[in-house]
Amino acid sequence: MRDPALRMNNKRLSQRAIEGTVLLTIGQVTSYALSFVRNIILARSLSKADFGIAAVLGLAVTLMEIAGRMSFGQQIIQSPDGECRRFMATSHAFQFVLASAGALAMLILSYPAALAYGVPHLTWAFALLSLVLFARGFENLD
């Protein structure tokens, strides 16, 4: 038969896993709900044209973030070398380089993107979005 202490330890681990999953799910649902509320507020306070432009800018940021995401934080957690300072420093450096490259690409493509969306007068807004991508390079993965 199995050791009762081992069974109790497995039960605790299962319970912790379920609690962690529930907590993460609540966090994601809250994030999506707040995003939905933000969009409702914007839709009610902006004209249709302005809301469309805000949606276009939001899509541009989302596209660039998805393209630049490499899940470095998840890598640090899952890697056996995740506690190593050199591994973490390399992950931070690589994240910074990717974010900088994404920001530069967004800056270069700001005018063509504004033209593609039919709002060339908002090239400055697309260029300003590159700062958001650049700032993502400074996230702490620790």
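Residues numbered from 1 in each chain as written. Predicted model: local features only at pLDDT ≥ 70, side-chain atom pairs only at ≥ 80, totals over all residues. Heavy atoms only, no water.

## A look at the packing of helix H4 (residues 85-116) against helix H5 (residues 123-136)
Under the convention used in this document: The axes are straight lines fitted to the C-alpha atoms, using for helices just the contacting stretch, and the angles between their N-to-C directions are given from 0 to 180°. Helix and strand labels come from DSSP, where a helix needs a run of H or I of at least four residues and a strand needs a run of E of at least two; each type is numbered from the N terminus. Should an angle fall under 35 degrees it is taken as roughly parallel, and over 145 as roughly antiparallel, whereas 65 to 115 is taken as roughly perpendicular and any remaining angle as oblique. Here, residues are in contact when the closest pair of their heavy atoms is within 4.5 Å. Three residue categories are used. Nonpolar comprises Ala, Val, Leu, Ile, Met, Phe, Trp, Tyr, Cys and Pro, charged comprises Asp, Glu, Lys and Arg, and polar comprises the others, including Gly.
One can describe the packing of H4 onto H5 by two numbers: an axis separation of 8 Å at closest approach and a directional angle of 175°. On the basis of the axis angle, H4 is roughly antiparallel to H5. Mapping the contact onto sequence places Gln95, Phe96, Ala99, Ser100, Gly102, Ala103, Met106, Leu107, Ser110, Tyr111, Ala113 and Ala114 in H4 and Thr123, Phe126, Ala127, Leu129, Ser130, Leu133, Phe134 and Arg136 in H5. Looking at the contact of H4 with H5 residue by residue, the classes come out as 13 nonpolar, 6 polar and 1 charged.

## As for the packing of aromatic side chains
This is how it is decided: When two rings of Phe, Tyr or Trp (its six-membered ring) have centres within 6.5 Å they constitute a pair, described as stacked for plane angles under 30 degrees, edge-to-face for angles over 60, and tilted for the intermediate range. Only protein chains enter the calculation, and the probe is 1.4 Å; a residue is then buried if its accessible area is under 20% of its type maximum, exposed if over 50%, and partly exposed in between.
Taken as a whole, this structure holds 3 aromatic pairs when the rule is applied. Judged by centre distance (5.7 Å) and plane angle (65°), the rings of Phe96 and Phe134 are edge-to-face. Here the residue Phe96 occupies a position in helix H4, and Phe134 occupies one in helix H5, the gap between them amounting to 38 residues. For Phe96, a relative accessible area of 30% puts it in the partly exposed group. A residue is classified by how much of its surface remains accessible, and Phe134, at 31% relative accessible area, is partly exposed. Through a chain of ring-to-ring contacts, three or more aromatic side chains come together here, namely Phe96, Phe134 and Phe138.

## Structural notes on the environment of Gly82
Note that Gly82 resides in the loop between helix H3 (72-78) and H4. Each C-alpha atom of the pair Gly82 and Asp142 lies 9.4 Å from the other, and the pair is 60 residues apart in sequence. Among all residues touching Gly82, those that are not within four sequence positions of it are Ile76, Phe87 and Met88.

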